Amino acid sequence: MTPEVLTLSNSPLLFTIAMLVKILVAFAVTMLIVAYATWCERKIIGGMQTRMGPTMTGPKGLLQPIADGLKLFFKEDIIPSEAYKTAFILAPMMILAPALISVAVIPFGNDITVTWDGVSYIVPLQITDLNIGILYILAMAGLGVYGIVLAGLASNSKYSLLGGIRSSAQMISYELAAGLSIIAVFMLSETLSMRGIVEAQQGALWGSISFLPNWYIFTQPLAFGLFVVGSMAEVNRTPFDLPEAETELVSGFCTEYSSMKYALFFMAEYANMITVSAIGATLFLGGWGGPFLGWMNFLIKVFAFMFFFIWIRATFPRLRYDQLMALGWKVMLPLALANIVVTGVAVLLWQ
Amino acid sequence: MGILLFYLTAFVAVIAAFFVTKCRNPVNSALCLVTNFLCLAVLYVMLEAPFMAAIQIMVYAGAIMVLIIFVIMLLNLGTSVKGNYVHGLAGGGVLAVLMLFLTNRFVANGQATGTGGEITSEVIKSVGHTELIGRAMFTDFLLPFEIASILLLVAIIGAVVLSKRKI
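Everything quoted here is computed from the prediction, not taken from an experiment.

(A) Geometry of the overall build of chain A. Secondary structure summary: chain A contains twelve helices and five strands in total. In summary, chain A has a C-alpha radius of gyration of 21 Å against a globular reference of 20 Å for 351 residues, a match within 12%. Each of the three principal axes of chain A carries a C-alpha extent, and together these read 65 × 50 × 45 Å. Each of the 351 residues in chain A was classed as buried or not, and the buried ones make up 51%. Taking the intrachain contacts of chain A between residues at least 6 apart in sequence as the baseline, contacts between residues at least 24 apart amount to 73%. Carbon and sulfur atoms make up 71% of the accessible area of chain A, which totals about 16200 Å². Side-chain charges in chain A split into 18 positive and 20 negative, and the spacing between the mean points of these groups amounts to 10 Å.

Right under this line is the structure:
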């Protein structure tokens, strides 16, 4: 008997259990990576700058993220008297939530078969497979802007306001370039579902070159570059960290924040980084395809992406604001549009 | 289950829409409008139009509302309105009751024909909502689509001309 795909209609109980387990695992793993990404970042940048990084808390400083979290949790939470209270409290949540719910459509492993009551079901390792997967992710990325903008506006301080204005301009312009670079990918895959895109990337490159996998990084190198740069700007990592620019804006939009709310901004930054890495791994690096178990391949690709982001942070200085805007609108946007046209012509000729 | 979700979403949407006009602080009004847009997106999903839902969030919540908040920020309109504006609320209330009455009359007098188009839930499930919209847009409605794009192009050029005095 061939196993059928598990849905709500053919086994409600098992479906609910599987769903809850998948959600819990995805959430727990994301939060764990968030915590230890800070430790890895400090160690890696320390190594690159011939420093030690955290060493005192626990063996090799491994307990540092937990200590940091506890410290921030027990600090006094100050809300400035001139701040707009509602927006001030909402802002950190509105930046973290979109980052976490984007994980819902990312496939993190190949299907597993579960036998229940003598019937085998296929359980896809993905929380849900929307047929508008990429659009959902782009929509959530669009909502992420609110957190920073509101934080800047609600703090009622000029540094925060400057940070907020910079970030909204930056995120809107780079979202465009990153979104347009993704269009070239789904012109090739002919589907918007993340699962479909991963399946389209299995097998040998263009069906003929057997030693390379059919990943879109080889077919769409320009789109990959644009996506990486654009997403780096979207998650406000160095060299695009103008919204928080410590040296000129006293950390910009989060100047007035303290305690757990301040910690939420940093959790959001790392959660965004994980989400973007996972999207990049799914769209361009073949998702869970590779030599090991599905989820292992996926995690390796995500970690490679994150290492790249950290490496960039240790290497490049911050851009000036006008350079940033010029790069976004005069270089990346035309390149992304040209890439779409070339891909369209190539797809037409190929058929 | 579905009808419960509908009532919940609709309730939140109506409350949010009410507070868009009621809030004294423009920032809070803008946030309520975002909530309203998100509720509309949920309603689109329930109508089996996921593409519309995604576009609703991307365009309205993700771009247009961010621009509105941007304007609030730049013009420093963040201060609350202090004065009373009972006359506005009263006028709005009268208009709302009138509209409710009219809608009720139309619903009571109208007759559902019970005929559906060729796009049913099964077609959407098998072909996909995005594909259906794309096909309709680039075959049957190509001319309106092109006219809309020319309009947008004119708007872009106009914005550039207005904001840049010398090019």
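(B) Looking closely at the overall build of chain B. When you go through chain B residue by residue, the secondary structure sums to seven helices and zero strands. The order of helices and strands in chain B, counted from the N terminus, is α-α-α-α-α-α-α. Relative to its length of 167 residues, chain B is extended, with a C-alpha radius of gyration of 21 Å against a globular reference of 15 Å. Overall, the C-alpha framework of chain B stretches about 55 × 50 × 30 Å when taken along its three principal axes. In chain B, which comprises 167 residues, the proportion classed as buried is 22%. Restricting the contact set of chain B to residue pairs at least 6 apart, pairs at least 24 apart contribute 61%. On chain B, roughly 12000 Å² of surface is accessible, and the fraction owed to carbon and sulfur atoms is 75%.

(C) Structural detail: the layout of surface pockets. Considering only enclosed or pocket space, the largest pocket measures out at about 2000 Å³ in volume. Leu180 and Ile183 of chain A together with Ile55, Met58 and Val59 of chain B are the residues nearest the centre of the largest pocket, which is lined by 47 residues in total. A per-class count over the lining of the largest pocket returns 29 nonpolar, 13 polar and five charged. A domain split of the lining of the largest pocket shows at least three residues from each of domain 1 (1–78) and domain 2 (119–167) of chain B. What lines the second largest pocket is a set of 32 residues, among which Leu130, Tyr136 and Met140 of chain A together with Val42 and Val45 of chain B lie closest to the centre. If you tally residues by element for the lining of the second largest pocket, the top one is helix α2 (residues 26–46) of chain B, at nine residues. For the lining of the second largest pocket, a count of residues per class yields 26 nonpolar, three polar and three charged.

(D) Looking closely at the packing of aromatic side chains. All names here are of chain A. Scanning all chains against the criterion turns up 13 aromatic pairs over all chains. Taking 6.0 Å as the distance between ring centres and 35° as the angle between the ring planes, the aromatic pair formed by phenylalanine 307 and tryptophan 311 counts as tilted. Here the residue phenylalanine 307 and the residue tryptophan 311 both occupy positions in helix α11 (residues 294–315), the gap between them amounting to four residues, near one helical turn. Look at phenylalanine 307 and you get partly exposed, because its relative accessible area is 36%.

(E) Structural view of the domain arrangement of chain B. Residues and elements named next belong to chain B. Assigned domains within chain B: domain 1 (1–78) and domain 2 (119–167). Its C-alpha centre places domain 1 at a distance of 22 Å from the equivalent point of domain 2. Each partner contributes residues to the interface: domain 1 has five residues there, and domain 2 has six residues. Carbon and sulfur atoms supply 66% of the area buried between domain 1 and domain 2, which totals about 450 Å² over both sides. Here domain 1 and domain 2 share zero salt bridges between them. For the side of domain 1 that touches domain 2, the class distribution of residues is four nonpolar, no polar and one charged.

(F) Highlighting empty space enclosed by the protein. Residue and element names in this part refer to chain A. If you walk through the whole model with that rule in mind, you get three cavities of 30 Å³ or more. Size it by volume and the largest cavity reaches roughly 270 Å³. In terms of lining residues, the largest cavity is bounded by 22 residues, among which Ile137, Ala141, Glu234, Asn272 and Val276 are the most central. Partitioning the lining of the largest cavity into residue classes produces 14 nonpolar, six polar and two charged. The calculated volume of the second largest cavity comes to roughly 140 Å³. Mapped by element, the contributors of at least two residues to the lining of the second largest cavity are α4 (133–154) and α10 (259–284). If one sorts the elements of the lining of the second largest cavity by residue count, α10 sits on top with five residues.

About the cut-offs
Residues numbered from 1 in each chain as written. Chains lettered and ligands numbered in written order. Predicted model: local features only at pLDDT ≥ 70, side-chain atom pairs only at ≥ 80, totals over all residues. Heavy atoms only, no water. Helix = DSSP H or I, 4+ residues; strand = E, 2+ residues; numbered from the N terminus. Rg over C-alpha atoms; globule rule 2.2 N^0.38 Å. Buried < 20%, exposed > 50% of the residue type's maximum accessible area, 1.4 Å probe, protein only. Contact = heavy atoms within 4.5 Å. Areas by Shrake-Rupley, 256 points an atom, 1.4 Å probe, with all protein chains shown as cover. Lys, Arg positive; Asp, Glu negative; His and termini not counted. Charge placed at Lys NZ, Arg CZ, Asp CG, Glu CD. 1 Å grid on protein atoms, 1.4 Å probe; cavity = no way out; pocket = protein on both sides within 12 Å on 5 of 7 lines; lining within 4 Å. Points joined across faces, edges and corners; volume = space filled by probe spheres on them. Nonpolar A, V, L, I, M, F, W, Y, C, P; charged D, E, K, R; others polar. Domains from an automatic or database assignment. Phe/Tyr/Trp six-rings, centres within 6.5 Å; stacked < 30°, edge-to-face > 60°. Buried area = accessible area lost by both parts, 1.4 Å probe. Salt bridge = Lys/Arg side-chain N within 4 Å of Asp/Glu carboxyl O.

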